[in-house]
Every structure is written in C-alpha cells, then in structure tokens.
Amino acid sequence: MSEQDVASGTKAVGRSMTSGKVASLNRTRSTVRLGWLVPTLYILFLMLPLYWLINMSFKTNQEITGAFSLWPRDFTWRNYAVIFSDPSWYSGYINSIIYVVLNTVISLAVALPAAYAFSRYRFLGDKHLFFWLLTNRMAPPAVFALPFFQLYSAFGLIDTHIAVALAHCLFNVPLAVWILEGFMSGVPKEIDETAYIDGYSFPRFFVRIFMPLIASGIGVAAFFCFMFSWVELLLARTLTTTAAKPISAIMTRTVSASGLDWGVLAAAGVLTIIPGALVIYFVRNYIAKGFALGRV
Amino acid sequence: MDRTWNNKAWFLVLPVLVLVAFSAIIPLMTVVNYSVQDTFGNNQFFWAGLDWFDDTLHSERFWAALWRNLLFSGIILAIEIPLGIFIALNMPKRGWGVPVCLVLMALPLLIPWNVVGTIWQVFGRVDIGLLGRTLASLGIDYNYVQDPFDAWATIVVMDVWHWTSLVVLLCYAGLVSIPDAYYQAARIDGASRWSVFRFIQLPKMQRVLLIAVLLRFMDSFMIYTEPFVVTGGGPGNETTFLSIDLVKMAIGQFDVGPAAAMSLIYFLIVLLVSYVFYTVMTNVGKGAEQ
C-alpha cells in the first residue's frame, strides 16, 4: 500500500468519524426528544386497563352493561358502599392483611440470622443449602396445593390465618434470605470484628449495630414478602374456607355465584390495588435491587 | 468477601431449615408417596410402582400442556426482554420523572394476580370492555372466549402488561450503576448510539438481564392464576398450561396418583432450570469480583 493510499484512507476514516459524530449527536438529540415519548406511551398502556377498572367502579350496573361511556356519567359511590357495609366483603381485606403481616414477620425473623450466617461464615453444606432454598422460590405452587391442604388438615390449621402465613413462607423465606444476604454482604466485615472486640455479644451487636446498618435491606425484604404474599391466590384459596378467606378469593367467588355485579367487582379490584400502591412509594428507589435478589 | 469457616453458623440457619422443612419437605414427601400408589378410596392404598410416571410420560395431555407452556414462555421472553431493555434505555435519568416512572411502572407488579386476570377479562369483553369494544368497532372479530388465537393474544398481552415492568426496573438499575466517565469516553471516541449500547450498556446490564430472563422464564413456566381467571384454560384446552392442568387433575378430579407423578416431573424440570440459573449466577458473580 502506498503512502498516499494510507493518507487518503486516514482522511476517509477521519471524515467518516466526523460525520459519524455529527450524526450521532443529531441522533442523540432526536432520541432525547423521542425518548421522552417511550416511557410515556408505556405508562399509558399500563394505565388504560386500570383506568377502565376505576371508571367501572364509579358506574351503576345499568350504565356498565347498557351505555358505553369513557367516564362515569351517572357517578355513584354505591359500589364502595356495598363493600364497606357488608362484613363478608370487608372481612376479606382484614383476613388478607392479617396473614400478609404474619407472613412478613415470620419470614424476616427466621431469614435475618440465616442471611447473616450465609454472608459471614462458611460451613458444612452451605452452598447446597443455599441452592436448596432457591429451589423453593422456584417451586410451582400448584405442586404444593394438595399436599399442603392435607398437611394443614392433619394439624387442624385449615381456615386459619397462620396456615396461609406458613404456606407463603415456602417462597418468601428463601426470597428474604437472598435479598438480605445481598445487602449484608455490602457491609464490611471489620464492623463485626470491631464490635466483638469492644465487648458486644452477638445478639446485642446484631440488634443494636448491624440491623440499623442494613435497615434499607430489611425494608426491601419486608416489601417483597408483603408483595408476594399479597398477590398469591392459589395457596391462600386452597387453605381457607370462610373465616380466613382472602379478599381476592372472595372476589372470584362473587363473579361465579351471585351473578354479575360488575360495579362491586370493579370497586373490590380497585381496593386491592391501593395497599400495593401505598407501600411501593416507600421503597421506590430500592425496588429493582430487591428484584435482583440484592445483587445489582 | 472471604468468609470464616465456622460450623456453628448452622444454628443461625436452623430456624429457616425447620420452617422450610415443614412447608417443603413434608409436602414433597407426600407427593412422592402418592406418586407410587393407587387408591380406590377409603384410604386404602396399593403399590403402583412407576406406573403413574410411565402413564404421564406417555400421555398426550401432559405433552400438549408442556409444549403449550414452553411456547408461552418463549413468546413472553421474546417480547418482554427486548421491550424492557428499550424502555429502560429511554427512561429519564434524573429529575422528577424518575420516581413517577418507577412508581407507576411498578404498580402492575403489586396487583393480586387474579385481579390482574379480572381487569383483563373485563377490559377485553366485547360488550363492556374498552379493548373489546374498540376492536369490535374497528371491525375486528375479537372474542377471547371462543377463538384460540384471541385467547392466546389476550393472555400474552396481559402478561406483557403485568411483567414487562420487572425487566424495565432491573435494566434501569443496571443502567444507572454505569459511571458517567464511560459515556464521556464514548463521546470523545465518537462512538455511535449503537456502539454505546453494544459495548458499554449491554455488558453492564448482563447480570441483571440474566436475573430478568430466568425470573421471567420460571414465573411464566408456572403461571396459573391469570389465564385461569381470563380463559379458564379454554377454549377447549387451548390455554391449559401445566399448572392449570395439574390443579384440574389434583383438586378437580382428585386423581392424586397421576397428579403426583406429574408434579414430580414438573418439579424436576424446574429444578434443572434453577440449577442452571444458580450455577450461571454464581459464576457471573465471580467474574465481576476478579
């Protein structure tokens, strides 16, 4: 290759680079403008079905089935009034909240020491144990529905809140261990050693020093336990009949049995969304880290 | 982090072990017990050996459900992963838009699964739903109760609606962890938008993307509630996935033997995938530390 060729080649590269740079700058600018549109369209897509549900919850049944309207013409609170005045409806919410809270407390109480052990020590069979815990997060609840029913029947626990709380531990405890382990591994080990030298006992160190350090991790783990217990239906429905029946199961029964009270159904649906929307606000900056099992 | 060898750590793990043993090992052993026995009622059981496994592995019903489920998971991954990456790339990086986007996008993840089903069941109805009504007025013959294609489309769109946010959130978390210096270097080099994505953003997202793919695969592989509410597995058996079939068999028909055998095969498939997940994830972690 002659010198001239090389020179012209370099020039060509230089030119294409400059034009590439200009093009990329233009492109960046245009993507910035369009980029604003992408999340907006996506959120619009997410909100449409939700809007329709909220819209329906403020309509009368006549309007729902009779006239097609994009907003409630005949605005009514009646659907919500039905739910808040009928114990068979609102007790569903109370049941759900009781077992979800129970489950979150149990899961965190057992997961905290275990996560500490996994993040700080090596012991016989630790890797196998960790993997075995993971498999429980991945186990299809359908596999466990029938044996759970028989196991809890044998202990006389059917239709109690604690039965559902324990059953949900199947996938929430492994999840909590994984998330907490991820957060705990981010705390330097020197802190533990310094505390022991200063004469702290293990329980005192754990509660007074370590737990405040991973407070956000505990919050995220609690949020995920809450969430997965709140959204699960198959096990909760299988293990309850009347006294501890969750709201989501009461909803399905109403659809099939008492005919089509669409307005009340929609209102009940809207009410199940509210607790999630409330707690999500508190952990908004940590949600992704939790889903990544504490490993972003 | 180097961890000290200490077998007393077992005491810290003990509560988890007891609890999960109660809610995992005992039920699993019950399933194993059923899978090798037959019954004519009255709590009288007969040894059936491996007959149920043999039956299940030769039953068309099982293979059809498995095939449908794999197809479903494939479609879900093919749509949700690229879409999630695309949306995450276009999310605002700072300012008031960030918390608004995060909260609104995470909202579908916190709706009870059967309410998700109900929302879409209503939304897609031709008589009262916005989607069904709009499609009908456009002249499209849409009916998810009778038409298998429409049923599939509804369930797939519903799952995209429900779970794409998970992929978005994970990718977004991966993206914001990239230091600004990387982008500045790329700008100096005159890298195109595509090369920035290919050589900076994608490698940095690898870890979270892996988690996203495997979580989405496993959760779509054991999907139950949402399609059950929307289509009930119909029309015919067109949307009967493994979990729906299993619950139908175990609790609907009370065929505990075949159901137990099917449970174990199902569980083994999931176990295999989990093992791959675990191995890959621990190895990726090692790569990052070095």
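Residues numbered from 1 in each chain as written. Chains lettered and ligands numbered in written order. Predicted model: local features only at pLDDT ≥ 70, side-chain atom pairs only at ≥ 80, totals over all residues. Heavy atoms only, no water.

An unreviewed UniProt entry lists chain B under the name ABC transporter permease subunit, from Devosia marina. Comment text from UniProt for chain B, heading Subcellular location (unreviewed entry), reads "Cell membrane". (UniProt positions renumbered as here; feature names shortened; annotations may be inferred.)

## A few points about the overall build of chain A
When helices and strands are counted, chain A shows 15 helices and 1 strand. Within chain A, buried positions represent 53% of all 296 residues. For chain A, contacts bridging at least 24 residues in sequence account for 73% of all contacts bridging at least 6. By element, 68% of the accessible surface of chain A is carried by carbon and sulfur atoms, the whole surface being about 13000 Å². (Helix = DSSP H or I, 4+ residues; strand = E, 2+ residues; numbered from the N terminus. Buried < 20%, exposed > 50% of the residue type's maximum accessible area, 1.4 Å probe, protein only. Contact = heavy atoms within 4.5 Å. Areas by Shrake-Rupley, 256 points an atom, 1.4 Å probe, with all protein chains shown as cover.)

## Topic: a nonpolar patch on the surface
On the surface, Trp-36, Leu-37, Leu-41 and Leu-44 of chain A cluster together into a nonpolar patch covering about 450 Å² of accessible area. You can call Leu-41 of chain A exposed: its relative accessible area is 52%. (Patch = residues over 30% accessible without salt bridge, like charges linked within 9 Å, V, L, I, M, F, W, Y side chains within 5 Å. Salt bridge = Lys/Arg side-chain N within 4 Å of Asp/Glu carboxyl O.)

## So, the nonpolar core
In terms of nonpolar packing, the biggest core is built from 199 residues, with Tyr-152, Val-177, Leu-180 and Met-184 of chain A together with Met-105 and Ile-119 of chain B touching the most fellow members. It is helix α8 (residues 161-184) of chain A that provides the largest number of residues to this core, a total of 16 residues. Apart from residues lying up to four places away in sequence, Ile-119 of chain B is in contact with Pro-49, Leu-50, Leu-53 and Ile-273 of chain A together with Ile-111 and Trp-161 of chain B. (Core = buried A, V, L, I, M, F, W, Y, C linked by side-chain atoms within 4.5 Å.)

## So, the packing of aromatic side chains
With the rule as written, the count across this model stands at 40 aromatic pairs over all chains. Their ring planes at 85° and their centres at 5.5 Å tell us that Phe-131 of chain A and Tyr-275 of chain B sit as a pair that is edge-to-face. One end of the pair, Phe-131 of chain A, is in helix α6 (residues 126-138); the other, Tyr-275 of chain B, is in helix α12 (residues 256-289), on a second chain. On the basis of relative accessible area, Tyr-275 of chain B is assigned to the partly exposed category, the value being 49%. Ring geometry for Tyr-152 of chain A against Phe-22 of chain B: centres 6.0 Å apart, planes inclined by 80°, an arrangement best described as edge-to-face. (Phe/Tyr/Trp six-rings, centres within 6.5 Å; stacked < 30°, edge-to-face > 60°.)

## A short note on the environment of Phe-197 of chain B
All names here are of chain B. Here Phe-197 lies in helix α9 (residues 193-221). Looking at Phe-197, the relative accessible area reads 13%, which means it is buried. C-alpha of Phe-197 to C-alpha of Leu-89: the two residues are 108 residues apart in sequence and 8.9 Å apart in space.

## Some words on the interface of chain B and chain A
Each side of the interface is counted separately: chain B has 103 residues, and chain A has 104 residues. The contact between chain B and chain A buries some 9300 Å² in all, and 79% of this surface belongs to carbon and sulfur atoms. Of all residues in chain B, the largest losses of buried area upon contact with chain A belong to Arg-3, Leu-110 and Tyr-278 of chain B, amounting jointly to 8% of the total for that side. Viewed at the interface, chain A and chain B are joined by 0 salt bridges. At the boundary of chain B and chain A, one finds 14 residue pairs in polar contact (both at pLDDT 80 or more). Tallying contributions element by element places helix α1 (residues 9-35) of chain B first for the side of chain B that touches chain A, with 20 residues. When grouped by side-chain class, the residues that make up the side of chain B that touches chain A number 76 nonpolar, 18 polar and 9 charged. Relative to strand β1 (residues 4-5) of chain B, strand β1 (residues 121-122) of chain A is paired through 2 bridges, and the arrangement is parallel. Pairing of Arg-122 of chain A across the sheet is with Trp-5 of chain B, part of β1 of chain B. (Buried area = accessible area lost by both parts, 1.4 Å probe. Polar contact = N/O pair within 3.5 Å; in protein donor to acceptor, adjacent residues only side chain to side chain. Nonpolar A, V, L, I, M, F, W, Y, C, P; charged D, E, K, R; others polar. Pairing = 2+ DSSP bridges.)

## With respect to the UniProt feature "transmembrane region" (unreviewed entry) in chain B
Residues and elements named next belong to chain B. UniProt records the feature "transmembrane region" (unreviewed entry) at residues 12-36, 70-89, 101-123, 160-183, 208-225 and 259-278, using the numbering of this structure. Between the C-alpha atoms that bound residues 208-225 there is a distance of 26 Å. The span itself is 83% helix and 0% strand. A distance of 28 Å separates the end C-alpha atoms of residues 259-278, which is 100% helix and 0% strand.

## Details of helix α5 (residues 87-120) of chain A
Three or four residues apart is the spacing at which side chains of an α-helix point the same way, because the helix has 3.6 residues per turn. Here α5 of chain A is 34 residues long and its end C-alpha atoms lie 49 Å apart, about the 50 Å a rise of 1.5 Å per residue gives. Measuring from the side-chain oxygen of the N-cap residue of α5 of chain A to the backbone nitrogen of Ser-88 of chain A gives 3.0 Å; that N-cap residue is Asp-86 of chain A. (Expected span 1.5 Å × (residues − 1).)

## Some details on the pattern of salt bridges
All names here are of chain B. By the definition in use, this model includes 5 salt bridges over all chains. Its salt-bridge partner being Arg-61, residue Asp-245 comes within 2.9 Å of it at the nearest N-O pair. Remark: Arg-61 occurs in helix α3 (residues 60-89) and Asp-245 occurs in helix α11 (residues 242-252); sequence separation between them is 184 residues. Under the relative-accessibility criterion, Asp-245 is labelled buried at 3%. Taking relative accessible area as the criterion, Arg-61 reaches 35% and is therefore assigned partly exposed. Residue Arg-125 pairs with Asp-127 through a salt bridge whose shortest N-O separation is 2.9 Å. The class for Asp-127 is partly exposed, based on a relative accessible area of 37%. Here the salt bridges do not stand alone but share partners, grouping Glu-80, Asp-159 and Arg-216 into one network.

## With respect to the UniProt feature "domain: ABC transmembrane type-1" (unreviewed entry) in chain B
In the numbering adopted here, UniProt assigns the feature "domain: ABC transmembrane type-1" (unreviewed entry) to residues 66-277 of chain B. The span residues 66-277 of chain B is 75% helical and 0% strand by assignment, and the distance between its end C-alpha atoms comes to 20 Å.

## Things to note about helix α14 (residues 262-282) of chain A
Between its first and last C-alpha atoms α14 of chain A spans 32 Å; for 21 residues at 1.5 Å apiece the expected length is 30 Å, and the two agree. For α14 of chain A, the tally of buried residues reaches 15 of 21 residues, placing the bulk of the element in the interior.

## Digging into the side chain of Lys-59 of chain A
All names here are of chain A. Within the fold, Lys-59 resides in the loop between α2 (37-57) and α3 (61-65). For the buried Lys-59, which has no salt bridge, the nearest side chain bearing the opposite charge is Glu-63, at an N-O separation of 4.8 Å. Those residues in contact with Lys-59 that sit more than four places away from it in its chain are Trp-52, Ile-64, Ser-69, Trp-71, Pro-72, Thr-76 and Asn-79. (Lys, Arg positive; Asp, Glu negative; His and termini not counted.)

## Thoughts on unusual backbone geometry
All names here are of chain A. Look at Asp-159: it is not a glycine, yet its phi comes out positive at around 65°. Within the secondary structure, Asp-159 is located in the loop between α7 (141-154) and α8. We classify Asp-159 as buried; its relative accessible area is 15%.

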